Every structure is written in structure tokens, then in C-alpha cells.
Amino acid sequence: MPGLSKILFLFVSESAAGWAMLTPAKVKSIEGAQIQLVNKGKHLKMYIAGIEGAVFKTWSTDPPNNYDAPNPGTTLVGFELKVPAHTKKSFNVILAPGNEKMEVKNINLTALNEW
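Heads up: these notes are all about the structure in this document. (Residues numbered from 1 in each chain as written. Predicted model: local features only at pLDDT ≥ 70, side-chain atom pairs only at ≥ 80, totals over all residues. Heavy atoms only, no water.)

**Notes on the overall build of the protein chain**
Next, step 1: Assigned secondary structure in the protein chain consists of zero helices and eight strands.
Next, step 2: For the protein chain, the sequential pattern of α-helices and β-strands runs β-β-β-β-β-β-β-β.
Next, step 3: Burial statistics for the protein chain: of 115 residues in total, 26% are counted as buried.
Next, step 4: Partitioning the intrachain contacts of the protein chain with sequence separation of at least 6 by distance along the chain shows that 63% fall at a separation of at least 24.
Next, step 5: Element-wise, carbon and sulfur atoms account for 53% of the exposed surface of the protein chain, whose accessible area totals about 7,700 Å². (Helix = DSSP H or I, 4+ residues; strand = E, 2+ residues; numbered from the N terminus. Buried < 20%, exposed > 50% of the residue type's maximum accessible area, 1.4 Å probe, protein only. Contact = heavy atoms within 4.5 Å. Areas by Shrake-Rupley, 256 points an atom, 1.4 Å probe, with all protein chains shown as cover.)

**Considering the side chain of Thr-61**
Next, step 1: Counting through the fold element by element, Thr-61 comes out in the loop between β6 (57–59) and β7 (75–83).
Next, step 2: In this structure Thr-61 comes out as buried when scored by relative accessible area, which is 13%.
Next, step 3: Among the polar contacts made by the side chain of Thr-61, one reaches the main-chain carbonyl oxygen of Asn-71 at a distance of 3.3 Å.
Next, step 4: Among the polar contacts made by the side chain of Thr-61, one reaches the side chain of Thr-74 at a distance of 2.7 Å.
Next, step 5: In this view, Thr-61 contacts Leu-22, Asn-71, Thr-74, Thr-75 and Leu-76; residues no more than four positions away in its chain are not counted. (Polar contact = N/O pair within 3.5 Å; in protein donor to acceptor, adjacent residues only side chain to side chain.)

**What to know about the pairing of strand β4 (residues 34–39)**
Next, step 1: Two strands pair when backbone bridges link them, and strand β3 (residues 26–31) and β4 are joined in this way by five bridges, in the antiparallel orientation. Following the sheet pairing, Lys-26 is matched in β4 by Val-38.
Next, step 2: Between β3 and β4, which follow one another and run antiparallel, lie two residues, and Gly-32 among them has a positive phi close to 65 degrees.
Next, step 3: Relative to strand β5 (residues 42–49), β4 runs antiparallel, the two sharing six bridges. By the bridge assignment for β5, Asn-39 is matched with Lys-42.
Next, step 4: Between β4 and the antiparallel strand that follows it, β5, lie two residues; Lys-40 among them carries a positive phi value of about 55 degrees. (Pairing = 2+ DSSP bridges.)

**Details of the packing of aromatic side chains**
In this description, a pair of aromatic rings is defined by centroid distance and the angle of the planes.
Next, step 1: For the structure on display, the rule yields two aromatic pairs.
Next, step 2: Plain terms: the ring middles of Phe-56 and Phe-79 are 6.5 Å apart, the flat faces sit at 90 degrees to each other, and that makes the pair edge-to-face. Placement of the pair is Phe-56 in the loop between β5 and β6 and Phe-79 in strand β7, with a sequence separation of 23 residues.
Next, step 3: We classify Phe-56 as buried; its relative accessible area is 3%.
Next, step 4: Measuring from centroid to centroid gives 5.1 Å for Phe-79 and Phe-91, while their planes differ by 75 degrees, and the two rings are edge-to-face. Of the two residues, Phe-79 is situated in strand β7 and Phe-91 in strand β8 (residues 87–97); the sequence distance between them amounts to 12 residues. You'll find Phe-79 and Phe-91 in the same group, each marked buried.
Next, step 5: Through a chain of ring-to-ring contacts, the aromatic side chains of Phe-56, Phe-79 and Phe-91 assemble into a single cluster. (Phe/Tyr/Trp six-rings, centres within 6.5 Å; stacked < 30°, edge-to-face > 60°.)

Here's what the structure looks like:
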């Protein structure tokens with residue numbers, strides 16, 4: 001059963017927004033809104049649903065300053081996007097174990113207060 005992370009934002013001015021997750025897994029592949037992670041022989045696929053044009057990317061977790069604590073063996077995975085003023089955006093990040101091909105189609109996003 002896939003896991004689900006639901007996020008809703010309301011922007012009053014143009015903003016950069018995003019979502020990220022720290023992981024010890026290695027990135028096996030990135031294909032636009034899909035990323036595949038591998039850790040200790042286990043696979044995890046993640047999908048961004050609900051935002052057109054969102055693309056996964058990675059960031060280094062090396063400390064930018066000598067006083068920052070290191071995060072050895074980790075990677076930050078996520079995405080960023082620009083959102084126009086007075087816009088409401090919601091999206092799902094779907095986490096599915098395994099490495100089978102899975103297609104994510106349009107998903108009807110239900111407001112959290114209606115769950």
C-alpha cells in the first residue's frame with residue numbers, strides 16, 4: 001500500500017515553494033515527477049501528483065559551514081516551483097515500495113478537513 005503525504009499551500013505573493021525529504025537511500029533514477037530510491041536492497045518509488053511540471057531533484061547534505069553538523073550518507077530529495085500570488089496549490093507525494101512500474105494518473109485531491 002503506497003504512503004501518501006498531502007500538502008496544501010495558499011500564497012499571497014509570488015513565492016518559491018517546495019517539498020523535500022532527507023534519506024539515507026541512494027537515488028537510482030529520476031524521471032521528471034518520479035524518483036526511485038534504493039537502500040539496503042529495498043526500493044522505494046516516489047511520485048508527485050497534482051502539480052503540473054513538478055520535477056524531482058536532489059541536494060547535497062554537506063554542511064555549508066564548519067559549525068553545522070554533518071549528515072553523512074544522506075541525500076535531500078524533493079522539488080521546487082514558483083507559485084503566482086493569490087494561488088492555492090495542493091499536491092500529493094506518493095511513496096510506493098518496490099520497483100515495479102506504476103503509473104500515477106490524475107488524482108482527486110480531497111481537502112484535509114474532509115478526510
